[in-house]
Structures are given as structure tokens and as C-alpha cells.
Amino acid sequence: MTEPPDLPPPATLHRGKHLELVAQGHWEYATRTIASGAVGIVAITPDRQVILVEQYRIPVGRSVIEIPAGLVGDTADLAGEPMLTAAQRELLEETGYESDEWSLLAEGYSSPGLTDESVTFYLAENVRKTGLGGGDEAESIIVHEVPLDEADSWLAAKTEGGEGVDFKLLAGLYLAERRLPRG
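Residues numbered from 1 in each chain as written. Predicted model: local features only at pLDDT ≥ 70, side-chain atom pairs only at ≥ 80, totals over all residues. Heavy atoms only, no water.

1. Notes on the sheet that holds strand 3 (residues 27-32)
The condition is simple: Each pair of strands is called paired provided DSSP finds at least two bridges between the two strands. Helix and strand labels come from DSSP, where a helix needs a run of H or I of at least four residues and a strand needs a run of E of at least two; each type is numbered from the N terminus. Think of each axis as a best-fit line through the C-alpha atoms, taken over the contacting stretch in the case of a helix, with angles from 0 to 180 degrees between the N-to-C directions.
Taken in spatial order, the 3 strands make up an open sheet running 1-2-3, and their pairing is antiparallel. Both edges of this open sheet fall to strand 1 (11-15) and strand 3, since each of them pairs with a single strand only. Pairwise comparison of adjacent strand axes, ignoring direction, gives a mean angle of 30° for this sheet. Bridge count between strand 2 (residues 19-24) and strand 3: 6 bridges; the pairing is antiparallel. The residue of strand 3 that forms the bridge with glutamine 24 is tryptophan 27.

Below you can see the structure in the form of C-alpha cells.
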């Protein structure tokens, strides 16, 4: 492991409602002001459909295909929320699906040169539709059920059509396919 450099304490350059831009030594990076992390969920139905979401993302100026995901403890009433609880909440909120079979896939940093945010990936198996989904009042989410074995070609067709792909989706599929039995 490399030794951490001798750095001064972080200095706030700008603080917004959700993000803070800080400088530390020669580095500038973003940190969340309230959330304690993020979760990503690879949700698989009993017939091996993967549940994906699509929503317009202002920073990239287009619709992006993603796995269901969200922030942990991002409101005052959710402070201290466990990661798994956040994953279960986000899956239901974004897609209308629930599961009784959850397993941890991995944890890592989303973009360690840009932010200190970490993402915890979960696998939700045998998901079932119990709600409407579509996100909260600030979101407009389209839910897709895609055959797991056809996800690569489906994503290729979507990107040819102009949609973007969140790399968390690709990482999540890779992790889940290594864990799931062959179909």
C-alpha cells in the first residue's frame, strides 16, 4: 500500500445543497454534504430478466441506462440508514420491485480522482413487482426488463440510439454474472 502524502486539511471552495467542492493540497474533489454512500442493485427476476432503469441525466445531457441505485441517508429522516435498507428502498422506489433474497456483491469508489463517494453493490434475486416504481417526485424513471443473456446486445442497441450507459451497470452485471448460476 502506498503511503498517504503529507497534506493540509481540506478547504471548502464551494458548498451547495448536495455537494461540496474541496481542495486539499494540489487536488480538488467533490464530496456529498449529507449522504453516507451510494448503493447499486442488480435485480434479477425468477425468469432471469435484469431490471434496468432509464432516466434523463442533466450533467450529460441525455437519457442514461442504469441499474437501480441511490444515495444512503440522503435526507434527515434517513440519517444513519444501513446500506441494505437503502438498497431495498431504492429498488422499490425506482422500479416497484422487491426481493427477499439479497447478497452483497462488492464495494468500491465511483470515481476516486473526482469524489470520495463509495458504492456498495447488491444482488437482489427473484424480484417481484409489488409497486409502481418510477422514482420519487423529482424523478421520471422508465423501468426495463431485459433478458440477462441479451443485456449486452440490448445495451448496444440503446447506445446506438443515443442513450448513455452508467458504468455501474456494467460493473454490476459483471459481478452478478460471476455469482449467478448459468441459465
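2. Brief notes about the environment of leucine 21
Stated precisely, the cut-off is as follows: Here a residue-residue contact requires only that any non-hydrogen atoms of the pair lie within 4.5 Å.
Locating leucine 21 in the fold gives a position in strand 2. C-alpha of leucine 21 to C-alpha of tyrosine 97: the two residues are 76 residues apart in sequence and 35 Å apart in space. If we ignore the near neighbours within four places in the chain, the residues touching leucine 21 are Ala11, Thr12, Leu13, His14, Tyr29 and Ala30.

3. Here we look at the layout of surface pockets
Defined as follows: Any residue with an atom within 4 Å of a point lines the site, the site being either a cavity, points on a 1 Å grid over the protein atoms alone where a 1.4 Å probe fits but cannot get out, or a pocket, an open set with protein on both sides within 12 Å along at least 5 of 7 lines. Grid points are joined across faces, edges and corners, and a volume is the space filled by probe spheres set on the points. Under the grouping applied here, Gly and all other residues not named as nonpolar or charged are polar, the nonpolar ones being Ala, Val, Leu, Ile, Met, Phe, Trp, Tyr, Cys and Pro and the charged ones Asp, Glu, Lys and Arg.
Looking at the largest pocket, its volume works out to about 1,800 Å³. If you go around the largest pocket, you meet 49 residues; those closest to its centre are Arg32, Arg57, Leu71, Glu117 and Lys168. By residue number, the principal contributor to the lining of the largest pocket is helix 1 (residues 83-95), which donates 4 residues. Across the lining of the largest pocket, the residue classes break down as 23 nonpolar, 9 polar and 17 charged.

4. Regarding the pattern of salt bridges
Rules: Within this document, salt bridges are pairs made up of a side-chain nitrogen of Lys or Arg and a carboxyl oxygen of Asp or Glu, the two lying within 4 Å of each other. To sort residues, take the accessible area from a 1.4 Å probe on protein chains only and compare it with the maximum for the residue type: under 20% means buried, over 50% means exposed, and anything in between is partly exposed.
Summed over the entire model, instances satisfying the criterion amount to 10 salt bridges. When the shortest N-O distance is used, the salt bridge between glutamate 117 and arginine 32 registers 3.0 Å. With glutamate 117 in the loop between strand 9 (101-109) and strand 10 (118-125) and arginine 32 in strand 3, the pair connects residues that are 85 residues apart, well separated along the chain. Across the pair arginine 48 and aspartate 149 runs a salt bridge, and its minimum N-O distance is 3.5 Å. Here arginine 48 is found in the loop between strand 4 (37-44) and strand 5 (49-57), whereas its partner aspartate 149 is found in the loop between strand 12 (142-147) and helix 2 (151-160), with 101 residues between them in sequence. The partly exposed category is assigned to arginine 48, whose relative accessible area is 22%. What you see here is one network of salt bridges that share partners, running through Glu54, Lys158 and Glu163.

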